[in-house]
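Each chain is listed here by its residues.
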Amino acid sequence: MDDAMTHEAEPRLNETSKIVVEHDWDGGDCLAVTIARAAAEAWTGNPDDAMTLPPVGSVVDPDALESLFAPTRNRGRPATDGGHPTADEGASPSRVRFTYVGYNVTISEDGVVVVEDPTSASEA
């Protein structure tokens, strides 16, 4: 039996049962890569295993996610006319939730990506 392939069969959930990362909107990776890396960290403990997972695009449209949060990324930055946009202080942040490789994934407009074991999420 080939032991090298057995590590992919069973997920290894981190001790916290939740991975929280912040997407760098100005960085080189797209949001789908951040999601896949966080899910891989939850799955195997190594974010570099992201390429072993199915594409994020198999469950959600990555371009739609990028477009959905694009307007909110500029909130609080100076406007081109020198003014500052006003943000509704009482508004709750926008979020998107979906399931990817058996984990609950929540993305907030501020770029926080949470990948959580569904059994621990139901307790929250």
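Residues numbered from 1 in each chain as written. Predicted model: local features only at pLDDT ≥ 70, side-chain atom pairs only at ≥ 80, totals over all residues. Heavy atoms only, no water.

**Q** Just to check I follow, could you spell out the layout of surface pockets for this structure?
**A** One water molecule sets the probe size; rolling that probe over the atoms shows where empty space is left. The space that makes up the largest pocket amounts to roughly 180 Å³. In terms of lining, the largest pocket is formed by A32, V33, A36, R37, A50, M51, L53, P54, P55, V56 and Y100. Considering each element in turn, the lining of the largest pocket owes the most residues, 4 residues, to helix α1 (residues 31–44). Across the lining of the largest pocket, the residue classes break down as 10 nonpolar, no polar and 1 charged. (1 Å grid on protein atoms, 1.4 Å probe; cavity = no way out; pocket = protein on both sides within 12 Å on 5 of 7 lines; lining within 4 Å. Points joined across faces, edges and corners; volume = space filled by probe spheres on them. Helix = DSSP H or I, 4+ residues; strand = E, 2+ residues; numbered from the N terminus. Nonpolar A, V, L, I, M, F, W, Y, C, P; charged D, E, K, R; others polar.)

**Q** Is there a simple way to explain unusual backbone geometry in this structure?
**A** We note that V101 has phi near 45°; this positive angle belongs to a residue other than glycine. Note on placement: V101 falls in the loop between β2 (95–100) and β3 (103–108). The exposure class of V101 is partly exposed, given its relative accessible area of 23%. (Buried < 20%, exposed > 50% of the residue type's maximum accessible area, 1.4 Å probe, protein only.)

**Q** What should I look at first to understand the pattern of salt bridges in this one?
**A** Think of it this way: side chains of opposite charge can pair up when their charged atoms draw near. One pass over the full model with this rule turns up 1 salt bridge. Notably, a salt bridge pairs R37 with D48, separated by 3.0 Å at the nearest N-O pair. Of the two residues, R37 is situated in helix α1 and D48 in the loop between α1 and α2 (62–73); the sequence distance between them amounts to 11 residues. For D48, a relative accessible area of 56% corresponds to the exposed category. (Salt bridge = Lys/Arg side-chain N within 4 Å of Asp/Glu carboxyl O.)

**Q** Would you take a moment to explain the pairing of β2 for this structure?
**A** Only one face of β2 is buried, namely the one carrying V96, F98 and Y100, since none of R95, R97 and T99 on the opposite face is buried. Strand direction decides the pairing type here: β2 and β3, joined by 6 bridges, are antiparallel. Within β3, the residue paired with Y100 across the bridge is Y103. Following β2, the chain reverses through 2 residues before pairing antiparallel with β3; V101 in that reversal takes a positive phi of roughly 45°. (Pairing = 2+ DSSP bridges.)

**Q** Mind showing me how you'd approach the pairing of strand β4 (residues 112–116) here?
**A** For a regular strand, the rule is simple: side chains alternate between the two faces of the sheet. For β4, a buried count of 4 out of 5 residues is recorded, marking the element as mostly surrounded by other parts of the structure. Across 5 bridges, the pairing between strand β1 (residues 18–22) and β4 is antiparallel. Its bridge partner lying in β4, V21 is registered against V113. Of the strand pairs in this sheet, β3 and β4 are connected by 4 bridges, and their pairing is antiparallel.

**Q** Explain the sheet that holds β2 to me, please; I cannot follow it from the model alone.
**A** Either a parallel or an antiparallel arrangement is found when strands of a sheet pair, and the pairing is made through backbone hydrogen bonds. Overall, antiparallel pairing links the 4 strands, which are arranged β1-β4-β3-β2 in an open sheet. The sheet is open, and its two borders are formed by β1 and β2, each paired with just one other strand. Pairs of neighbouring strands in the sheet enclose a mean axial angle of 15°, with direction left out of account. Running over the sheet, α1 touches β1, β2, β3 and β4 and is turned about 35° from β4. (Axes fitted to C-alpha atoms, helices over the stretch in contact; angles between N-to-C directions. Contact = heavy atoms within 4.5 Å.)

**Q** I'm lost on the packing of aromatic side chains in this one. Help?
**A** Centre distance and the angle of the planes are the two values used to describe a pair of aromatic rings. Here the structure, examined in full by the defined rule, presents 1 aromatic pair. Aromatic pair W43 and Y103: ring centres 6.4 Å apart, planes at 80°, arrangement edge-to-face. With W43 in helix α1 and Y103 in strand β3, this pair connects stretches of sequence that are 60 residues apart. For the pair formed by W43 and Y103, the shared burial category is buried. (Phe/Tyr/Trp six-rings, centres within 6.5 Å; stacked < 30°, edge-to-face > 60°.)

By themselves, these observations are geometric and do not establish any function.
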